Amino acid sequence: LSSSRHNDSGGSVEEGKAIGIRLGTKKRGCNGLSYTLNYAYEDHLQKHGRDEAMTVEENGLKVFVEPMALMNVIGTTMDFVDDEMSSEFTFTNPNSKGECGCGESFNV
């Protein structure tokens, strides 16, 4: 991932500039869990202090892992694919026991 891709997110005046991505999981989809991605803004660690211990930085991009999602995403590889058909994040999760047909949800 390139740090220049996430710097374009201006955010609102109240939120400040985006400093990374917040990765989580949510119960939904036909197979149980799906990934959630949100911007993490400058005041992120003040609001979510526990996330500091679960932060990964690669190529200038910070990914904050939500505490409740940690056990579901340990060892997961996240990539951004930009081709003729789509532009999306992809996840390779060694903990996943199965995925739905469309790839939107998984179970562990």
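Structural notes, computed from the coordinates. (Residues numbered from 1 in each chain as written. Predicted model: local features only at pLDDT ≥ 70, side-chain atom pairs only at ≥ 80, totals over all residues. Heavy atoms only, no water.)

1. Thoughts on the side chain of asparagine 72
Looking at the secondary structure, you find asparagine 72 in helix H3 (residues 70-73). Not counting residues up to four positions away in its chain, the partners in contact with asparagine 72 are Thr25, Leu33, Asn93, Asn95, Phe106 and Val108. (Helix = DSSP H or I, 4+ residues; strand = E, 2+ residues; numbered from the N terminus. Contact = heavy atoms within 4.5 Å.)

2. Thoughts on the packing of aromatic side chains
This model, assessed by the stated rule, comprises three aromatic pairs. Taking 6.2 Å as the distance between ring centres and 50 degrees as the angle between the ring planes, the aromatic pair formed by tyrosine 39 and tyrosine 41 counts as tilted. According to the relative accessible area criterion, tyrosine 39 is partly exposed, its value standing at 46%. Using a relative accessible area of 14% as the deciding quantity, one classes tyrosine 41 as buried. On the basis of an interplanar angle of 70 degrees and a centroid distance of 5.1 Å, the ring pair of phenylalanine 80 and phenylalanine 89 is categorised as edge-to-face. On the basis of relative accessibility, which here comes to 24%, the residue phenylalanine 80 falls in the partly exposed class. Residue classification places phenylalanine 89 among the partly exposed residues on the basis of a relative accessible area of 28%. (Phe/Tyr/Trp six-rings, centres within 6.5 Å; stacked < 30°, edge-to-face > 60°. Buried < 20%, exposed > 50% of the residue type's maximum accessible area, 1.4 Å probe, protein only.)

3. Notes on unusual backbone geometry
Even without a glycine there, the phi angle at asparagine 59 is positive, about 55 degrees. Take asparagine 59: it is sitting in the loop between strand S3 (55-58) and strand S4 (61-65).

4. Quick word on the nonpolar core
Ile21, Leu23, Leu33, Tyr35, Met54, Leu61, Val63, Val65, Val73, Met78, Phe91 and Phe106 together form the largest nonpolar core, which totals 12 residues. Among the secondary structure elements, those contributing two or more residues to this core are strand S1 (18-27), strand S2 (33-41) and S4. Ranked by residues supplied to this core, first place goes to S4 with three residues. The contact partners of valine 63, leaving out residues within four places of it in the chain, are Ile21, Leu23, Met54, Thr55, Val56 and Met78. (Core = buried A, V, L, I, M, F, W, Y, C linked by side-chain atoms within 4.5 Å.)

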